[in-house]
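Residue-level listing of the chains:
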Amino acid sequence: MNYIKSLILGAVALSLSLSSVQAGTFKADARTKRIPAGTVFQLEFLQPVGTYSGGMGDSFTATIKNEQTSDTGVIIPAGTVVRGSINEVKTAKRFSRGAKLYLDFDHVVTPTGRQIPLDMAVCQFENIYYDGGLYKNLGYGEAVKANYNRGVEITKSTTEYGMKAGDTAPGMQYLTTPFCAIGGFLGGVGYFVGDSVADMFRKGKEVNINTGDIITVKLINPIDIPVY
């Protein structure tokens, strides 16, 4: 009987001892500094990421350029690693429909080596779709608009060239300007029509982030970084 009591008392003592150790560990880990939602980071990519060569699930690594500090010191130093992956790729298609690239930022590696999950979104890129996709151009309507602007630019520049003839030969601009304007107009229309037809068969632009490119992102949800 005494033997059984001793075993029970020993088990209780061991359980209390383990609980004490676990409580002490949790207490140490509970010392954190919070980085609030909306905080902006500058990320430098360490390898290229793009819609042409990348696929869903491909991982990437970037480093933080701007350190995060608090009143007690640096929380996340510059050079801290952020890892992520490609969430989705929508390939470029005919009628100048450009590709879209969707990125997930998985976790940040703290100075102590811990991996803290995070939720980030790109907030500065050439173009950002309403659902967070990164793109260079949307489609045919955008391409036609660009062709029109280029055609107008051709007409304008050739007309201005004709007007400059008067700088070297006074009165010559009255002769050269009409010819240059007509030529520029025909050239602009030709460019507009020709390139607009070509854009019906041309694929849209790819999205590429090169090694060393810096992209601005922001936190969607706050993160707590352990400090010691």
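Keep in mind the model is a prediction, meaning the values are calculated, not measured.

Parameters and conventions
Residues numbered from 1 in each chain as written. Predicted model: local features only at pLDDT ≥ 70, side-chain atom pairs only at ≥ 80, totals over all residues. Heavy atoms only, no water. Helix = DSSP H or I, 4+ residues; strand = E, 2+ residues; numbered from the N terminus. Contact = heavy atoms within 4.5 Å. pLDDT = per-residue confidence, 0-100. Salt bridge = Lys/Arg side-chain N within 4 Å of Asp/Glu carboxyl O. Buried < 20%, exposed > 50% of the residue type's maximum accessible area, 1.4 Å probe, protein only.

Concerning the side chain of Thr51
Working step 1: In this fold, Thr51 is placed in the loop between strand 3 (49-50) and strand 4 (59-64).
Working step 2: Other than its neighbours up to four places away in sequence, Thr51 contacts Val89, Ala99, Lys100, Leu101, Glu206, Val207 and Asn208.

Let's talk about the confidence of the model for the chain
Working step 1: Averaged over all residues, the pLDDT of the chain is 78; the fraction at 70 or higher stands at 79%.
Working step 2: For residues 16-30, every residue scores under 50 in pLDDT, and the model assigns this stretch three contacts once sequence neighbours within four places are set aside.

Side note on the pattern of salt bridges
Working step 1: This structure, assessed with the given rule, holds four salt bridges.
Working step 2: In this structure, Asp224 and Arg34 form a salt bridge, with 2.8 Å as the shortest nitrogen-oxygen distance. Here Asp224, found in strand 14 (residues 223-226), pairs with Arg34, found in strand 1 (residues 32-35); they are 190 residues apart in sequence, far enough to count as distant.
Working step 3: Accessibility expressed as a relative area gives 32% for Asp224, which makes it partly exposed.
Working step 4: Note that Glu153 and Arg150 form a salt bridge whose closest N and O atoms lie 3.0 Å from each other. Within this pair, Glu153 and its partner Arg150 are both found in helix 2 (residues 140-163), separated by three residues, close to a single helical turn.
Working step 5: The exposure class assigned to Glu153 is partly exposed, which follows from its relative accessible area of 45%.

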